[in-house]
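Here is what each chain is made of, one letter per residue.
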Amino acid sequence: MEIIVSTSKGSVIKIRNFEMPDIRRVMEIEEESFLDGESELYIEMYEEWPEGFLVAEKEDKVIGFVVVVLTPEGEGRVFALAVDSQYRGEGVGRTLLKAAFGVLRKRKIGYMRLEVRVSNQIAQRLYRSMGFMEIGFVPFYYKDAEGAIVMRKVL
Ligand SMILES: CC(C)(COP(=O)(O)OP(=O)(O)OC[C@H]1O[C@@H](n2cnc3c(N)ncnc32)[C@H](O)[C@@H]1OP(=O)(O)O)[C@@H](O)C(=O)NCCC(=O)NCCS
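Right, let's walk through the structure included here. In this text the structure is predicted, and so the values were computed from the model without any measurement.

Here's the deal with the pattern of salt bridges
All told, the structure shown has 15 salt bridges when counted by the stated rule. Note that D84 and R25 form a salt bridge whose closest N and O atoms lie 2.8 Å from each other. With D84 in the loop between β5 (76–83) and α3 (92–106) and R25 in helix α1 (residues 23–32), the pair connects residues that are 59 residues apart, well separated along the chain. For the pair D84 and R25, a shared accessibility class is recorded, and that class is buried. Linking K58 and E90 is a salt bridge whose minimum nitrogen-to-oxygen distance equals 3.1 Å. Linking K58 in strand β3 (residues 53–58) with E90 in the loop between β5 and α3, this pair joins segments that are 32 residues apart in sequence.

Below is the structure:
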């Protein structure tokens, strides 16, 4: 996919599928976002389901990404979502998520789920505003032992 969109905040960005040369920028953004992932894992996710890995680009620069995987239960799951800190608050995260909903709906997937840190109020607010509901809590989910709120949305 490749689409040019104006975000809810009026920023014009391109959403397209991840390509291998994007990995350096993706890892830069992920490291500054403290997501704890490794590039090998991202490449594995991409190879498993390329359609689920989208990037946002502004003026030819990758400024955010979302990685969605398919669970054995047949749901979509957000593996990672992050926006370059210099471009946050411009509606990029929301636009990336919406694009991911579209990819899943095309596949007739009915639900999307995710885990989010208890302390990550900003992401929780974004997810709630997009229709995600809290369905559970997993203590000690993250490497540093913080718990995760599990959220799910009907697509
Ligand atoms: C979470 C994240 C992806 C949001 O991306 P973004 O492009 O800044 O988000 P958007 O501009 O699309 O904002 C969407 C909503 O998020 C919430 N939000 C964004 N920034 C916020 C802030 N500074 N304070 C409170 N809420 C905020 C709001 O609900 C906002 O909607 P609104 O502007 O209509 O009120 C981004 O903050 C990020 O990369 N964080 C670090 C990584 C991370 O936490 N990823 C999620 C892991 S589960």
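Observations regarding the packing of α3 against helix α4 (residues 121–129)
The contact between α3 and α4 brings their axes to 11 Å, and the two run at 45°. It follows from the interaxial angle that α3 and α4 lie oblique. Considering how the two elements wind past one another, α3 and α4 form a crossing that is right-handed. Here α3 contributes G93, R94 and L97 to the contact with α4, which in turn contributes L126, Y127 and S129.

What counts, and at which threshold
Residues numbered from 1 in each chain as written. Predicted model: local features only at pLDDT ≥ 70, side-chain atom pairs only at ≥ 80, totals over all residues. Heavy atoms only, no water. Salt bridge = Lys/Arg side-chain N within 4 Å of Asp/Glu carboxyl O. Helix = DSSP H or I, 4+ residues; strand = E, 2+ residues; numbered from the N terminus. Buried < 20%, exposed > 50% of the residue type's maximum accessible area, 1.4 Å probe, protein only. Axes fitted to C-alpha atoms, helices over the stretch in contact; angles between N-to-C directions. Parallel < 35°, antiparallel > 145°, perpendicular 65-115°, else oblique. Left-handed = near helix turned anticlockwise from the far one by under 90°. Contact = heavy atoms within 4.5 Å.

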